[in-house]
Amino acid sequence: MDYYKISTGLSFEIGASHTDMMARMNKASSIDLLDCYGPTNRLITIVSKIRHPTTEDLAELDHYYAKRNCLYLELQKRLKALDASKNGEQQT
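The model shown is predicted, which means the values in this text are computed figures rather than measured ones.

Give a detailed account of the overall build of the chain, specifying residues and quantitative values.
The helix and strand inventory of the chain stands at three helices and zero strands. N-terminal to C-terminal, the α/β element order of the chain is α-α-α. Looking at the chain as a whole, 29% of its 92 residues qualify as buried. A separation threshold of at least 6 residues defines the contact pool for the chain, and within that pool the share at least 24 residues apart is 66%. Here the chain displays about 6200 Å² of accessible surface, and carbon together with sulfur accounts for 56% of that area.

Tell me about the pattern of salt bridges, residues and numbers included.
For the coordinates displayed, the defined rule picks out three salt bridges. Across the salt bridge formed by Arg-24 and Asp-20, the nearest N and O atoms sit 3.7 Å from each other. Residue Arg-24 and its partner Asp-20 are located together in helix α1 (residues 18-27), separated by four residues, close to a single helical turn. The exposure class of Arg-24 is partly exposed, given its relative accessible area of 30%. We classify Asp-20 as partly exposed; its relative accessible area is 33%. Put simply, Glu-74 and Arg-78 hold a salt bridge, and the shortest N to O gap is 2.9 Å. Linking Glu-74 with Arg-78, this pair stays in helix α3 (residues 55-91), spanning four residues, or about one helical turn.

Explain the nonpolar core residue by residue, including any values.
Leu-10, Phe-12, Ala-16, Met-21, Met-25, Ala-28, Leu-33, Cys-36, Ala-66, Cys-70, Leu-71 and Leu-75 together form the largest nonpolar core, which totals 12 residues. When residues of this core are traced back to their parent elements, those giving at least two are α1, α2 (30-48) and α3. Counting residues per element, this core draws most heavily on α3, at four residues. Within the second largest apolar cluster, five residues are counted, among which are Leu-43, Ile-44, Val-47 and Tyr-64.

I'd like a description of the side chain of His-63, backed by residues and values.
Mapped onto the fold, His-63 is located in helix α3. At 3.4 Å, the side chain of His-63 forms a polar contact with the backbone nitrogen of Gly-15.

Definitions and cut-offs
Residues numbered from 1 in each chain as written. Predicted model: local features only at pLDDT ≥ 70, side-chain atom pairs only at ≥ 80, totals over all residues. Heavy atoms only, no water. Helix = DSSP H or I, 4+ residues; strand = E, 2+ residues; numbered from the N terminus. Buried < 20%, exposed > 50% of the residue type's maximum accessible area, 1.4 Å probe, protein only. Contact = heavy atoms within 4.5 Å. Areas by Shrake-Rupley, 256 points an atom, 1.4 Å probe, with all protein chains shown as cover. Salt bridge = Lys/Arg side-chain N within 4 Å of Asp/Glu carboxyl O. Core = buried A, V, L, I, M, F, W, Y, C linked by side-chain atoms within 4.5 Å. Polar contact = N/O pair within 3.5 Å; in protein donor to acceptor, adjacent residues only side chain to side chain.

Shown next, in the form of structure tokens:
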């Protein structure tokens, strides 16, 4: 299990599929996504500093990169939708 608060639903088994992560992130609040993004970046920084990483360390690092990318995509989707809705309101 990755190192994030289980109560938010954004904690995943190492090696979880991208589709599973995206599906659960789609249901999470934007605040939970933002709260998860920073710690995920910190974990990437920490794990990438291991001098002689094991296979497990590398798998964990890959997992955190995938998780961060999924978080980014979900947040980007929500921001674009917000911008589109604001632009629609301004035109009327």
